[in-house]
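The residues making up each chain are set out below.
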Amino acid sequence: MFPVTGKKRIVVGMSGGVDSSVTAWLLKQQGHEVIGVFMQNWEDDNDDEYCSIKQDALDAMSVADIVGIDMEIVNFAKEYKDRVFSYFLKEYSAGRTPNPDVLCNAEIKFKAFLDYAMAMGADCIATGHYARKLEQGGLHYLMKGVDHTKDQSYFLYRLQQHQLARAMFPLGDIHKTEVRRLAEEAGLPTAGKKDSTGICFIGERPFREFLQRYLPTKPGEMVTPDGKVVGEHVGLMFYTLGQRKGLNIGGAKDGTGDPWFVAGKDMAANRLIVVQGHDHPLLLKPTLQMDDLSWTLPQAPAAGSYAAKNRYRMADAPCSLSPVVDGKATLTFSDKQWAVTPGQSAVLYDGDICLGGGIIQ
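Summary of the structure given here. In this text, all values refer to a predicted model and were calculated from it rather than measured experimentally.

### Details of the environment of Thr177
Okay, so step 1: Relative to the elements of secondary structure, Thr177 occurs in helix 6 (residues 176-185).
Okay, so step 2: Taking relative accessible area as the criterion, Thr177 reaches 65% and is therefore assigned exposed.
Okay, so step 3: A sequence separation of 30 residues divides Thr177 from Asp147, and the C-alpha atoms of the two residues are 9.6 Å apart.

Below you can see the structure in the form of C-alpha cells.
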C-alpha cells in the first residue's frame with residue numbers, strides 16, 4: 001500500500017470491475033474523501049449483445065453504495081471518438097495494428113477524466129492499474145506493479161510528469177489474488193467478476209465484423225515472399241504480423257506442412273505476405289524503429305543499454321537505445337524479436353522504471 005499523507009479528495013475511475021472497486025474501497029478505508037466516476041467512452045451500440053456498458057455501470061453503482069461514496073456517470077464518448085477511435089481507424093486503414101488502450105489512458109483517463117476531476121476540486125485521481133509511482137528528487141517515476149504477471153505500466157508509458165503528479169495507483173503493491181480476496185472480504189459484488197478482455201470499445205464482439213462497419217474491405221492475394229499465390233485475404237486491415245489463425249491456407253500444395261504466419265503487407269499491391277514456420281527469418285528482427293516518442297521523465301533517456309517490450313504479453317528483452325534524433329529512435333536487441341508489429345508500442349525499461357517509448361514503424 002502507499003503511505004497516507006493527510007486526507008485527500010480523490011476521484012476514482014470506476015469501470016465496474018474488481019480492480020477499480022478495490023481501489024475505491026482501499027482509499028475510503030484510509031480515510032480519504034472518495035468520489036467515483038464511471039466513464040462512458042462508447043455509445044454507438046449500447047444495446048448490442050456484446051456491449052457491457054450498462055451492466056458495468058450498474059456494478060460500479062452497487063460498489064459505490066457498499067463502499068459509501070458518491071458516484072457519477074460521465075460521458076466522454078465525443079472525446080473518445082475524436083482522440084482515440086479516429087486514430088484507431090486511420091492506423092488500420094494504413095495497414096498497421098494500433099493499441100487503442102495506450103491512447104485511451106493518455107487521452108481519456110489521464111487527460112479528459114483528469115481535467116474533469118480537477119474541475120471537481122480533486123487533489124488527484126486514482127485508477128485500478130497495476131503500476132506504481134515513486135516520487136524522488138522532485139520527479140515522478142512510473143514503476144512496474146509488484147505483481148509482474150499483471151503489471152500494466154506498458155499501457156501507461158505515454159503519461160508525463162504533470163499527469164503522474166496527479167495520479168495514484170493503489171494496487172501497485174498488491175497481487176491480483178490479494179485484490180480478489182479483499183473484494184470478497186469487503187462484500188463487493190465484483191469480487192468474482194471476470195476481467196474484461198479485448199479492445200475497450202469492442203468488448204467481446206467479433207473484431208472483423210466490428211471493423212467492417214467502419215472501413216471498406218478490399219480482398220486480395222495471399223502470397224509467399226517469392227510471389228507465389230497461396231490463398232486470398234479478406235482485407236489487409238484484418239491481419240497482423242505473426243497471425244496464424246484465420247488464414248485458411250493450411251492445406252496449400254507444395255507446402256512444408258508447417259503452419260502459416262503473416263509476415264508482411266504489400267499495401268500498394270494489396271497483397272498479404274505469408275510464410276511457413278514460427279521461426280521463419282522474415283518473422284525475426286534484430287532492430288526496430290520507433291517514432292511518436294513519449295517519455296515519462298522530463299528528458300529523453302540517454303543512448304545505452306535497457307530492456308524493452310514490443311508487445312504487452314512478453315518478457316523484457318535486453319536492448320540498446322540509439323540516440324534520439326528528430327523524435328525517432330532505434331532499438332537493437334540482444335536476441336532477434338518475433339513478429340515486431342508496426343503500429344504497436346515499444347516500451348523501454350530501466351529495471352522496474354518505465355521510461356516511455358514510441359510507436360513501432
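### Description of the state of the cysteines
Okay, so step 1: Taken as a whole, this structure holds zero disulfides when the rule is applied.
Okay, so step 2: Unpaired in this structure, Cys124 has its nearest cysteine sulfur neighbour in Cys104, at a distance of 19 Å.

### Considering the sheet that holds strand 1 (residues 9-13)
In a beta sheet, neighbouring strands pair by backbone hydrogen bonds and run either parallel or antiparallel.
Okay, so step 1: Here we have five strands laid out as an open sheet, ordered 3-2-1-4-7, and parallel in their pairing. Where the open sheet ends on each side, the last strands, each with one partner, are strand 3 (70-75) and strand 7 (167-168).
Okay, so step 2: Bridge count between strand 1 and strand 2 (residues 33-40): five bridges; the pairing is parallel. Bridge pairing links Ile10 to Val34 in strand 2.
Okay, so step 3: Each of strand 1, strand 2, strand 4 (124-126) and strand 7 is contacted by helix 1 (residues 18-29), which is oriented at about 165 degrees to strand 1, the strand it contacts most.

### Quick word on the packing of helix 1 against helix 6
Okay, so step 1: Two elements in contact, helix 1 and helix 6, have axes separated by 10 Å at closest approach and are oriented at 65 degrees. Compared by their axis directions, helix 1 and helix 6 come out roughly perpendicular. The hand of the helix 1/helix 6 crossing is left-handed. Side by side, helix 1 and helix 6 meet where Val18, Asp19, Val22, Trp25 and Leu26 of the first sit next to Lys176, Val179, Arg180, Leu182, Ala183 and Glu185 of the second.
Okay, so step 2: Per-class residue counts for the contact of helix 1 with helix 6 are seven nonpolar, no polar and four charged.

### Some remarks on helix 2 (residues 53-67)
Okay, so step 1: An ideal rise of 1.5 Å per residue puts 21 Å on 15 residues; helix 2 measures up with 21 Å between its terminal C-alpha atoms.
Okay, so step 2: The set of residues buried in helix 2 consists of Ile53, Asp56, Ala57, Asp59, Ala60, Val63, Ala64 and Val67. One side of helix 2 holds all its buried residues, which, seen down the axis, span an arc of 160 degrees. Set apart from the buried face of helix 2 by more than 90 degrees, the exposed residues are Lys54 and Asp65.
Okay, so step 3: Buried residues along helix 2 sit against helix 1, strand 2 and strand 3.
Okay, so step 4: Backbone geometry just after helix 2 places Gly68 at a positive phi near 90 degrees.

### Quick word on the packing of aromatic side chains
Okay, so step 1: Scanning the entire structure with this criterion turns up 13 aromatic pairs.
Okay, so step 2: Aromatic pair Phe76 and Tyr116: ring centres 6.2 Å apart, planes at 90 degrees, arrangement edge-to-face. Placement of Phe76 in the loop between strand 3 and helix 3 (77-93) and of Tyr116 in helix 4 (residues 100-119) is noted, with a sequence separation of 40 residues between them.
Okay, so step 3: Using a relative accessible area of 4% as the deciding quantity, one classes Phe76 as buried.
Okay, so step 4: In this structure Tyr116 comes out as partly exposed when scored by relative accessible area, which is 28%.

Rules used throughout
All chains use their own residue numbering, which begins from 1 and follows the written sequence. For this predicted model, a pLDDT threshold of at least 70 governs which residues receive local features, and a threshold of 80 or more governs which side-chain atom pairs are given and counted, while totals over whole chains, interfaces and linings are taken from all residues. Excluded from the side-chain calculations are hydrogens and water; all other atoms, namely the structure's heavy atoms, are used. Helix numbering and strand numbering both begin at the N terminus, where a helix is a DSSP run of H or I of at least 4 residues and a strand a DSSP run of E of at least 2. In this scheme, a residue with accessible area under 20% of its type's maximum is buried, one over 50% is exposed, and one in between is partly exposed, where area comes from a 1.4 Å probe on protein chains only. Cysteine sulfurs are considered disulfide-paired once they come within 2.5 Å of each other. The criterion for strand pairing is that DSSP finds at least two bridges linking the strands in question. The contact criterion used is simple: two residues touch if any of their non-hydrogen atoms lie within 4.5 Å. Throughout, an axis means a line fitted to C-alpha atoms (over the contacting stretch in the case of helices), and angles, computed between N-to-C directions, take values from 0 to 180 degrees. Between 65 and 115 degrees an angle is taken as roughly perpendicular, under 35 as roughly parallel, over 145 as roughly antiparallel, and anywhere else as oblique. Left-handed describes a crossing in which the near helix is turned anticlockwise from the far one by less than a right angle; the clockwise case is right-handed. Residue polarity follows a fixed list, in which Ala, Val, Leu, Ile, Met, Phe, Trp, Tyr, Cys and Pro are nonpolar, Asp, Glu, Lys and Arg are charged, and the others, Gly among them, are polar. The length a helix should cover is 1.5 Å for every residue beyond the first. Directions are taken from the helix axis to each C-beta atom, and the arc is the one they span. Any Phe, Tyr or Trp ring, taking Trp's six-membered ring, that has another such ring centre within 6.5 Å forms a pair; planes under 30 degrees apart are called stacked, those over 60 apart edge-to-face, and the others tilted.

Without other data, these values stay purely geometric and don't point to any function.
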